[in-house]
Structures are given as structure tokens and as C-alpha cells.
Amino acid sequence: MAPLRGRVVVVTGASGGVGRAVVRELGARGARVALIARGTAGLGAAAVDVGTAGGDAKVYEADVADHEQVRAAAERIEAEMGPISVWINTAFSSVFAKFSDISPDEFARTTSVTYLGYVWGTKVALDLMTPRNAGTIVQTGSALSQRGIPLQSAYCGAKHAIKGFTESLRTELLADGGNIDVTLVQLPAVNTPQFEWVLSKLRRHPQPVPPIYQPEVAARAIVYAAEHPGRKEYWVGASTAATLVAQRIAPALVDRYLARTGIDSQQTDDKRPSGVSNLWEPADEDKDYGAHGTFDRRSHSHSPQVWLSQHRRAVLLAAAGAAATLTAARRLTR
């Protein structure tokens, strides 16, 4: 385990949602947190959250879709805060719509933010970490990186790309035999403001596909991965595990199931879309949205599956020990 106290940790998409919950968790660990996002109000409030939790934070406004902006921010971070130890990519944007209703510009912008934002963040981090031969990169993934769903073609495509890119990079780092780690954290549906500020062309308000988890569940898992980066991938939430296993076993059956249920399950019955969009401009420039969305009452604040995933070796050893004890007991009673 590598404690984060006093270390410089960069978080992209730090002003809201999962990124906002991550910086709070890092603050509680005593980290020095560099906050990258576009929204002034959200970034300022996030910096206060880090300080309140016990850490130090500085704000760096940048659009992650622009490599030069990300590079410039990273150079400022190292000059002002010190060497970057951990880089966590969480920034994204998207469009809720059928593919036929998404314009080329909207699809390209989603891809630039959600996929290339991770590529540029990773590249900048590696450029700085490689000379020191030390560092950790954490990619915030999704169950949708292996299982696409309707109404999210741009987002699913970007998340699939992140997984492929990260796997390729990880093999290169392993071949080099150095001390730079990269790991991927696959998330479930999370109660974040994205459902208020992602561009939507739906008639009804978008919602996460239940079961829904609070962003703190994701944040704890991401920070744990930053402290234990040797694993290729972490799964968060029983629904993530079930989705990924089902996709491996019966992908065509999952296609048909989602064709029947996937569109209605992503829309509420009681309200229309908010009309806010952060695709081109930050939604939290003047308003702080925080970490949580509007689905608190339906969201889980804990996930036993996460603990089991993080401690799977101990669980397997305990299961093996219990099986051996049971076998011995049966032999003695014969």
C-alpha cells in the first residue's frame, strides 16, 4: 500500500460528480490535490471541500480535450505543488440520444472529452513520470466499456476506447519493467449531476440504470486503486460484475434484453430534461452542482462487492480454509 498523505495527486473532472467525491476522499487522506476542470464555481467549491477534509488543493482550469491545455496545467502543477505522484482521469461529457439524432460535431466533441481527454491526461502524466520512473495512473472506466447500451453510443464508444487504450499501454509498461502503474476502475450507474447537465435529446429526463450507487462508493474504490495500482482492473458494484459476466457468457441475449428494456430504464416518468448542457461549455461555471445528482433516495451508499473485490485473495484463502476444514471434519465423522 502506498499512502497518499503529502503526495501530489491530479484529478481531472474534479469539480463535480465522481471526480468531486474523489477529491474529498483524497483530502481525507491528507493528499495535495490538483483540481482540473472547466467550471469556476465547481472548482472553487471542490478546493474548499479538500481543505475541509484535511488536504491541500489548488485549482487549474483546463479543457481536457485540448492536449496543450492539459500539458500547461500539469507543468504549472509540478512548478507550484511538486512532482505528480498519481494522475486520476475522471472527466467526461456525453449526449443522451439515439445515434441517428446525434450530430457529427456532438459525437466528435464527446469523443474528444471522454476518450482523448484520458489519452492526453495519460500522455502528459507519463511525460512527467517517466524520467523519475515512478507514478500511478488511474483510469475511471465503466461497465459500459464492455457492454454498450442504447441512447449512449458516444459515451459507450469512448469508454470502450479507454479500455483498449489502457490495456495497450499497460502491456508496454510491463514490457519496460519500470515503476509506473496504470489501472482501470469499472464503475456502475452512479448518482451524479451528469443526468442534469449532459446534453439530452430525450423527451423525458435521463436517469442512471438501477441499481444506482452514490459517488462516494466509486470514490473510495478509485482512491483504493491509486493506493494499490498493481491490479489490471477493479470492478465496483454487483451490477458491474453481473453485467460484465453476462456479456462474456451470453452477449447476444444481453443485446435483446437491452433492446426491450434499455430505453425506458434510462428515462424517468415525472419530468423533462433540464435543458442544461456541459458539452461545449461548463455547466458549473456559475453554479456548484457538487458530487450528488437527484437520485439520493434510490442510491446505495455501500457495496459489499467492492470489499470482496479488493480483498479477493483473503476471501479465496478463507474459502479454501473453510473447505479444507469441512473435508477434514467429514473424514473424522466417518
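This text follows the structure it describes.
Presented here is a report on the structure given in the accompanying data block.

What counts as what
Residues numbered from 1 in each chain as written. Predicted model: local features only at pLDDT ≥ 70, side-chain atom pairs only at ≥ 80, totals over all residues. Heavy atoms only, no water. Helix = DSSP H or I, 4+ residues; strand = E, 2+ residues; numbered from the N terminus. Buried < 20%, exposed > 50% of the residue type's maximum accessible area, 1.4 Å probe, protein only. Contact = heavy atoms within 4.5 Å. Pairing = 2+ DSSP bridges. Right-handed = clockwise from strand over helix to strand, strands pointing away. Patch = residues over 30% accessible without salt bridge, like charges linked within 9 Å, V, L, I, M, F, W, Y side chains within 5 Å. Areas by Shrake-Rupley, 256 points an atom, 1.4 Å probe, with all protein chains shown as cover. Salt bridge = Lys/Arg side-chain N within 4 Å of Asp/Glu carboxyl O. Lys, Arg positive; Asp, Glu negative; His and termini not counted. Charge placed at Lys NZ, Arg CZ, Asp CG, Glu CD. Axes fitted to C-alpha atoms, helices over the stretch in contact; angles between N-to-C directions. Polar contact = N/O pair within 3.5 Å; in protein donor to acceptor, adjacent residues only side chain to side chain. Parallel < 35°, antiparallel > 145°, perpendicular 65-115°, else oblique. Left-handed = near helix turned anticlockwise from the far one by under 90°. Nonpolar A, V, L, I, M, F, W, Y, C, P; charged D, E, K, R; others polar.

Moving on, we get to the environment of Thr-243. Relative to the helices and strands, Thr-243 is located in helix H8 (residues 238-249). By relative accessible area, which is 27% here, Thr-243 ends up partly exposed. In the structure, Thr-243 is positioned 27 residues away from Glu-216 in sequence and 21 Å away in space, judged by C-alpha atoms. Contact partners of Thr-243, with chain neighbours within four places excluded, come to Ala-143 and Arg-147.

To continue, consider the pairing of strand E1 (residues 8-12). The buried count for E1 comes to 5 of 5 residues, which makes it a mostly enclosed element. Burial along E1 is two-sided: Val-8, Val-10 and Thr-12 and Val-9 and Val-11, pointing in opposite directions, are all buried. Relative to strand E2 (residues 32-37), E1 is paired through 5 bridges, and the arrangement is parallel. Bridge pairing in E2 places Val-11 opposite Leu-35. For the segment spanning E1, helix H1 (residues 17-28) and E2, crossover handedness is right-handed. Relative to strand E4 (residues 84-89), E1 runs parallel, the two being bridged by 4 bridges. Looking at the pairing, Val-9 lines up with Val-86 of E4.

Further remarks concern a negative patch on the surface. Together, Glu-61, Glu-281, Glu-285 and Asp-286 make up a negatively charged patch on the protein surface. By the element assignment, Glu-281 lies in the loop between helix H9 (251-261) and strand E12 (299-300).

If you trace the 7 strands from one edge of the open sheet to the other, you get E3-E2-E1-E4-E6-E7-E11, paired in parallel fashion. Only two strands of the sheet have a single neighbouring strand rather than two, namely strand E3 (56-61) and strand E11 (233-235). Mean inter-strand twist for the sheet, computed between neighbouring axes without regard to direction, equals 20°. For E4 and strand E6 (residues 135-142), the ladder comprises 4 bridges, and the chain directions are parallel.

Along the chain, the position of Leu-169 falls in helix H5 (residues 153-176). The sequence separation of Leu-169 and Val-33 amounts to 136 residues, and the corresponding C-alpha distance is 25 Å. Setting aside residues no more than four positions away along its own chain, Leu-169 makes contact with Thr-122, Leu-126 and Val-182.

Let's shift gears to the side chain of Asn-191. Here Asn-191 shows up in the loop between strand E8 (189-190) and helix H6 (194-197). A distance of 3.0 Å separates polar atoms of two side chains, one belonging to Asn-191 and the other to Gln-214. Ignoring any residue separated from it by four or fewer positions in sequence, one finds Asn-191 in contact with Ile-212, Tyr-213, Gln-214, Pro-215, Ala-291, His-292, Gly-293, Thr-294, Phe-295, Asp-296 and Ser-299.

The subject of this paragraph is the sheet that holds E8. An order of E8-E10-E12 is seen for the 3 strands of this open sheet, with the pairing classed as parallel. Either end of the sheet is taken by a strand with one partner, and the two such strands are E8 and E12. By the bridge criterion, 2 bridges tie strand E10 (residues 212-213) to E12 in an arrangement that is parallel. Within E12, the residue paired with Ile-212 across the bridge is Ser-299.

As a further point, take the packing of H1 against helix H2 (residues 40-53). Where H1 contacts H2, the axes come no closer than 7 Å and their chain directions differ by 25°. It follows from the interaxial angle that H1 and H2 lie roughly parallel. Viewed along their axes, H1 and H2 form a crossing whose handedness is right-handed. Mapping the contact onto sequence places Arg-20, Val-23, Arg-24, Gly-27 and Ala-28 in H1 and Gly-42, Ala-45, Ala-46, Asp-49, Val-50 and Ala-53 in H2. Partitioned by chemical class, the residues of the contact of H1 with H2 number 6 nonpolar, 2 polar and 3 charged.

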